[in-house]
Protein chains: 2
Amino acid sequence: MSLIVQKYGGTSMGSPERIREVARRVQRFVKEGHQVVVVVSAMSGETNRLLGLARELNPDADPRELDVIASTGEQVTIGLLAIALHKLGLKARSYTGFQVRILTDDAYSKARILSIDEANIRKDLAEGNVVVVAGFQGMDAKGNITTLGRGGSDTTGVALAAALKADECQIYTDVDGVYTTDPRVVPEARRLETITFEEMLELASLGSKVLQIRSVEFAGKYKVKLRVLSSFTDVNSTDMGTLITFEEDDTMEQAIISGIAFNRDEAKITVMGVPDKPGIAYSILGPVADANIDVDMIIQNASSDGTTDFSFTVHRNEYKRALQVLESKVKGEIGARAIVGDDRIAKVSLVGIGMRTHAGIASLMFKTLAEERINIQMISTSEIKTSVVVDEKYMELAVRVLHRAFELDQPPTEEHLKP
Amino acid sequence: MSLIVQKYGGTSMGSPERIREVARRVQRFVKEGHQVVVVVSAMSGETNRLLGLARELNPDADPRELDVIASTGEQVTIGLLAIALHKLGLKARSYTGFQVRILTDDAYSKARILSIDEANIRKDLAEGNVVVVAGFQGMDAKGNITTLGRGGSDTTGVALAAALKADECQIYTDVDGVYTTDPRVVPEARRLETITFEEMLELASLGSKVLQIRSVEFAGKYKVKLRVLSSFTDVNSTDMGTLITFEEDDTMEQAIISGIAFNRDEAKITVMGVPDKPGIAYSILGPVADANIDVDMIIQNASSDGTTDFSFTVHRNEYKRALQVLESKVKGEIGARAIVGDDRIAKVSLVGIGMRTHAGIASLMFKTLAEERINIQMISTSEIKTSVVVDEKYMELAVRVLHRAFELDQPPTEEHLKP
């Protein structure tokens, strides 16, 4: 007998019929002899509907009250799922975040979980109950209702799995696992049986929307075995999606490159003709940070005339504001020649734990793009990823040719395996 | 400065625009220097929508889970109203029943309030907040969410007013007060400026839907000054609806008859030819009570041949079931001649505290009905009411002629006043 935490997202809980399907899937695991804790999201669209009502009253609504309102979506679905489970003859009890005592900090709308009191859940499980817990929500030390931010139900699932020392945390979603890249762009994209936490972190942060990044961090920190799988398969399907493993677990086959992430969310800004002297990065990025604009890639190229060009990327939504900050607060101060920018870029990233030990990955990447005459505007690397910025019109082409060049459509062979 | 508890029902909270209106009304009282606690219902239709989802999954759903689901309706409106109040520049904080600690018993869907912890509310009021509390809900001693049943928000309002020793509890609804009878039946029906608790109790239990009966009982028990008024008047209207007073408060003008209640909710059953001997009432009504069927009026007529006819009324929904119980478990046992019934009856009741001291009320009532050739099938009286059962097709006529005969369209004059 295992203890399994299952998390079902909004589309999985989107209608009474879908909720009945979820109940049947839970029933299957109970019949197989497992203890099951289910974490649910609100019905798809519900959180937006509720926040829309609030925004109609006040576009700048108080976050405490928004959390009171938004948290009701999950409170409805825990009740509905418990009722559907009863209908199948299972014992089940629902819990709000408040009732579990999922204690968070008081950062409304993006609270972080501090502790989970798992005593009642354990007792219910021991008495043969399926325990249904509202995702996305908790309470602060003063008893205020908090929410964990978008995708927070994944985090609730992982945190509960950690607190209960569950054997596995299964994240059910509308895709059946993690792919080498987006199948809508590369039809030959292959589903991965396993991927490491670090790779998943890079893929999640780079725009692969399968899992919320905080839940992956959480899973890594508490060594929770995490599995992504579809709630749209037959309930008796033996398909086990993608397992997210720990790197040290080297019984797993592991390719050098696991996947390709990409996004069009960023814009590039270059401050040209900047004096090449210490402190210049801070002079440029300090005012940007003060304006609460997050910076992603940063590149500084020395040039021979004592000046340098300083480039960085920001979210596309912040592009105009970042340009204004630079023009008004930076350009004159540091004597830059010009501020130029481009919001028609895309970032394409190769991700793979094997990069640590394999040379030549970056050069094959650059060669592949060069053969297609795709100009690389920026490069940034980490231990397990290599990202390039290209003109956005080449994004799909870049992803496709890289997918082929690294043979991601093929299951890993001996040659691709980690030593 | 007074402390006022205001309760707004579902139609008052039915849309963002209506909620904005409620906020403006609250603002008016704050500007006048009052401390205000607001109790709100769910948006009209929302509780039914939520319970409909549950029923779709399981018509026989677990009451604990139904309460988890149903209580979200008010959790949404407390947040929305707080946000609307902020928009007007007022300080406001929302509380669920859980957060207040409105402790109830564990009778899901019809829980009774045991205690209210008013410490946080007092603190918030002292700090200049409007406090917005979810009606209809509480928690039991184990932390389960409970609801108080339909109309329970009135009860929350009155209970909070009692706990806080508020100066007044204002129940805002879609009617502007308590009328001598339903204006849809008698256009001349007159709004009452005051009515006693006892009269209100009779009117409420007899089918006048203005206030939930438990909230009136509660107000009487804790001597809460209760006022019924409309949320659909201009926010600056000085109209003060109907005040529900204590009988002993004899500064109030008080008519002999306050109003006429009526309903079609009942059916009549007669057990004919029953031996006229001790214990016969129990032999008949015992099995009915065992089947959980509530009995309202009971009449036993002795006849000369040693047998008697025994009549009583039940809710129309229970009529068929009551007949079955009598046929199968009573008729043979007691040797009754026949069981007959009629579900096309109506009950019409005169209510008035003045009946205690004034003779002739019943006889004027019977004379008035006789003049219209309306046959009286059953009569039942209490200290402050006289009820008759008539053929339902005469109900409206009976109400209209009685309204005229007792001059309820006229404000009370000296002649109508209590001594």
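To continue, consider the relation of the copies chain B and chain A. Here chain B sits on chain A after a turn of 180° about the axis and a move of 0.1 Å along it, with an RMSD of 0.2 Å. Taken together, the rotation and translation describe the operation of a two-fold axis. Proximity to the rotation axis, assessed at the C-alpha, singles out Thr 72 of chain B in chain B; its C-alpha lies 2.7 Å from the axis. A share of 100% of interface residues in chain B that are also interface residues in chain A marks the association as one of identical surfaces.

All names here are of chain A. Taken in spatial order, the 8 strands line up as β3-β6-β2-β1-β9-β11-β12-β10 in an open sheet, and their pairing is mixed. Each of the sheet's edge strands pairs with one partner strand only, and the pair in question is β3 (92-95) and β10 (194-196). Between one strand and the next, the sheet's axes are offset by a mean angle of 20°, whatever the strand orientation. Pairing between β3 and strand β6 (residues 130-134): 4 bridges, direction parallel. Pairing of Arg 93 across the sheet is with Val 131, part of β6.

A word on the sheet that holds strand β3 (residues 92-95) of chain B. Residue and element names in this part refer to chain B. Read from one edge of the open sheet, 8 strands run β3-β6-β2-β1-β9-β11-β12-β10, paired in mixed fashion. The open sheet has two edge strands, β3 and β10 (194-196), and neither has a second partner. On average, adjacent strands in this sheet sit at an angle of 20° to one another, irrespective of strand direction. Against the sheet, helix α6 (residues 119-126) touches β2 (35-40), β3 and β6 (130-134), its axis set at about 150° to β6. Running over the sheet, helix α7 (residues 152-164) touches β1 (3-8), β2, β6, β9 (168-173) and β11 (226-230) and is turned about 170° from β1.

In terms of nonpolar packing, the biggest core is built from 244 residues, with Leu 81 and Val 132 of chain A together with Val 38, Leu 81, Val 132 and Val 133 of chain B touching the most fellow members. Look past the residues within four positions of Val 133 of chain B in its chain and what remains in contact with it is Val 37, Val 38, Val 39, Ile 78, Tyr 95, Val 100, Thr 156 and Leu 160 of chain B.

Reading guide: rules and limits
Residues numbered from 1 in each chain as written. Chains lettered and ligands numbered in written order. Predicted model: local features only at pLDDT ≥ 70, side-chain atom pairs only at ≥ 80, totals over all residues. Least-squares fit on C-alpha atoms with pLDDT ≥ 70 in both. Contact = placed C-beta atoms within 7 Å. Pairing = 2+ DSSP bridges. Helix = DSSP H or I, 4+ residues; strand = E, 2+ residues; numbered from the N terminus. Axes fitted to C-alpha atoms, helices over the stretch in contact; angles between N-to-C directions. Core = buried A, V, L, I, M, F, W, Y, C linked by C-beta atoms within 7 Å. Buried ≥ 20, exposed ≤ 12 C-beta atoms within 10 Å, placed from the backbone.

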